[in-house]
Amino acid sequence: MKLPIIDTHCDLLSYLAKVPKAKADKVEDIACATPFLKAGNVKLQVLAIFTDVVPESMDFADKQVTQFEGLFRDFSQEVTYADKAHLNVLNETSKIGFVAAIESASGLANETVPIQVALDRLDQILTKVGRLAYISLTHHKENRFGGGNYTEGIGLKPDGKRLLDHMADKQIAIDLSHTSDLLAEGILNHIDKNGLEIPVIASHSNFRSIWNHKRNLTDEFVKEIIHRKGIIGVNFLRAFLNTEDPEGIYEHIRYAFEIGAEDQICFGADFFYTVGFPDLGRFPFYFPNVENASKYPEILETLSEKLNQDQLKKLAFRNAQEFFLRTWE
């Protein structure tokens, strides 16, 4: 089933910035290489600028920004900037639209510089990448902005509030995929208390009711995203789907329709560079049915036994398309 695909998260940029002789079309290295994206009919791919909580986080983010800019030079026949014009021609274009995002605001400021540095760097990065699809304040760990998904009891910090205030009216969504539950609650409360115009999404998260993992969303946060007309990108990583059952992805997607997220669910595969990854217990990272970006047509074909054509279109591209058309000025 060859529907256009929008995917809201992959880590191509950190691979390009970190790995010697990395290339965006190197299929032996990364599951979101451009040939896989083309084979899967991906028409818009969000590229995360990922950083950990380390002193050199800002430098690593800058390297990824440079790699993002270089993609349009090195692959000009295959890729284009994702903007509203591109969103409107997904069915007609042969090009993959790329848009950047920030995965962990540690890329804006490490733990020691003044908070104003983060605000200024956000504006500088925007001038270079054109727009940002979203920002997540944290990754797994706690940082100066709040608690990560593996840090319990740590919510929204003062620097996180400052960054949210600065994000308002910039058409950048806030991403709940790597927050602690307390941070997610703090973000929503701060947005509501201050009347901030910030869309709320989960770019690459599954459902905790289906698979009990801290990276997955509770039903409470799913309902908040539904209420706020955000999007939820289903994650392809085995650890967040079901470590034993390859059919787990279909269970998560069907649950989205059951719980009322029919207009929110999309793809957020989370393909990243796995060679040399230290945690051997996570191998294999992906089941064969979702092992790279070429698999989207097969996924949709399997789901067609349970979902109708309109539902498949919502999942494949329409929900994310309508979200970005609505939120991008």
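Here, residues in each chain are numbered from 1, in the same order as that chain's written sequence. Note on the predicted model: pLDDT of at least 70 is required for a residue's local features to be given, and 80 or more for side-chain atom pairs to be given and counted; whole-chain, interface and lining totals, by contrast, use all residues. Side-chain descriptors were evaluated using all non-hydrogen atoms of the structure, hydrogens and water having been removed beforehand.

An unreviewed UniProt entry annotates the protein chain as Dipeptidase of Belliella kenyensis.

Focus: helix α7 (residues 181-194)
For an α-helix, 3.6 residues make a turn, and residues three or four places apart therefore share a direction. Starting at the N terminus, helices and strands are each numbered in turn, a helix being any DSSP run of H or I of at least four residues and a strand any DSSP run of E of at least two. Residue count minus one, scaled by 1.5 Å, sets the expected span of a helix. Taking 1.5 Å of rise per residue, 14 residues should cover 20 Å, and α7 covers 20 Å from first to last C-alpha, within 8% of that figure. A 1.4 Å probe rolled over the protein chains alone gives each residue an accessible area, and that area as a share of the maximum for its type sets the label: buried under 20%, exposed over 50%, partly exposed in between. Within α7, burial applies to Leu183, Ala184, Gly186, Ile187, Leu188, His190 and Ile191. Should any heavy atoms of two residues lie within 4.5 Å, those residues are considered in contact. If you follow the buried residues of α7, they end up packed against α6 (158-167), β6 (173-175), β7 (200-201) and α8 (219-227). A positive phi of about 60° marks Gly195, the residue just after α7.

Here we look at the environment of Lys313
Structurally, Lys313 can be placed in helix α12 (residues 309-327). Between the alpha carbons of Lys313 and Phe236 there is a distance of 19 Å; along the sequence they are 77 residues apart.

Concerning the side chain of Ser203
In this fold, Ser203 is placed in the loop between β7 and α8. Polar contact criterion, stated in full: a pair of N or O atoms within 3.5 Å, where within protein one must be able to donate a hydrogen and the other to accept it, and residues adjacent in sequence count only if both atoms are side-chain atoms. Polar side-chain contacts of Ser203 include one of 2.6 Å to the side chain of Asp175. Once residues within four sequence positions are removed from consideration, Ser203 is found in contact with Thr8, His9, Tyr134, Asp175, Ser177, Gly233 and Gly268.

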